[in-house]
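Observations on chain architecture
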Amino acid sequence: MREKVTKTEAEWREQLSPKQYQVIRKKGTERPFTGEYNDSKTAGTYVCAGCGAELFSSDHKFDSGTGWPSYYQPIGDDAVAIDEDHGFGMARTEALCATCDGHLGHVFPDGPAPTGLRYCINSLSLKLIERS
Ligand code: FE
C-alpha cells in the first residue's frame, strides 16, 4: 500500500501557489495552451506538484492538440487514482494523485494505442524532473 500524504487546507495554501491551489485542491482547470508543459518534449518524469509522487513519464506523452499535456498511461499502476466526476452536469472521469488526492485532470477514451486513453492533465498539477 502506498503511504498517503495528507495536509490541512492551510498547509496546502501555504505550500502551493494560488493558481496551483485552485487546480490541485479545488479541481480547477488551467486555460488551454497556457500551461508550462503543454508543448514540452523534454525527457523526464512528471511528479505531483503537491506531494512529489511520480505520476507520468515523458515516454508516454503525446501531442493531443487539446492545449493540455496528455499521456496515454500513468507511470505505474497505482500512481493515479480515478474518480467519476459529475460536476457541471457532465459525467467525466477525474484523474487524481493516488498519494495526496490532488486533482490532476481527466481521462478520456480517445487516446492513442496501446491504451486508447488520454490522460488530460493540468501543467499546474505537475513538475518535470528532467532525465539526466
Ligand atoms: Fe500528489
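Our subject is the structure that appears above.
Throughout what follows, the structure given in this document is the object of discussion. In this text the structure is predicted, and so the values were computed from the model without any measurement.

Here we come to the coordination of the iron ion. For the iron ion, the full set of protein donor atoms is Cys 48 (SG), Cys 51 (SG), Cys 97 (SG) and Cys 100 (SG), and the range of their distances to it is 2.3 to 2.4 Å. Between the four donor atoms coordinating the iron ion, the angles at the centre fall across 102 to 113°, so the site counts as tetrahedral. One chain supplies every donor to the iron ion, and in sequence these donors are spaced C-x2-C-x45-C-x2-C.

Here we come to unusual backbone geometry. A cis geometry characterises the amide bond from Ala 113 onward to Pro 114, with omega recorded as 5°. Looking at the element boundaries, Pro 114 is found in the loop between strand 7 (103-108) and strand 8 (118-121). Even without a glycine there, the phi angle at Lys 27 is positive, about 60°. By secondary structure assignment, the location of Lys 27 is in the loop between helix 2 (18-24) and strand 1 (44-48). Judged by relative accessible area, which is 44%, Lys 27 ranks as partly exposed.

Note on soluble globular proteins: their nonpolar side chains tend to be buried together. Grouped together as the largest cluster of nonpolar side chains are 23 residues, with contacts concentrated most on Leu 55, Phe 56, Val 80, Leu 104, Ile 121 and Leu 126. Only helix 2, strand 1, strand 2 (54-57), strand 6 (92-97), strand 7, strand 8 and strand 9 (126-130) provide two or more residues apiece to this core.

As a further point, take the sheet that holds strand 9. A sheet is described by the order of its strands in space; here three strands give the open sequence 2-1-9, paired in antiparallel fashion. In this open sheet, the two strands that pair with only one neighbour each are strand 2 and strand 9. Averaged over all adjacent pairs, the angle separating strand axes in this sheet is 35°, with direction ignored.

Scoring rules and cut-offs
- Residues numbered from 1 in each chain as written.
- Predicted model: local features only at pLDDT ≥ 70, side-chain atom pairs only at ≥ 80, totals over all residues.
- Heavy atoms only, no water.
- Donors = N, O, S within 2.8 Å, 3.2 Å for Na, K, Ca; no water.
- Tetrahedral: all angles 85-135°; square planar, octahedral: opposite > 155°, others 65-115°.
- Helix = DSSP H or I, 4+ residues; strand = E, 2+ residues; numbered from the N terminus.
- Buried < 20%, exposed > 50% of the residue type's maximum accessible area, 1.4 Å probe, protein only.
- Core = buried A, V, L, I, M, F, W, Y, C linked by side-chain atoms within 4.5 Å.
- Pairing = 2+ DSSP bridges.
- Axes fitted to C-alpha atoms, helices over the stretch in contact; angles between N-to-C directions.

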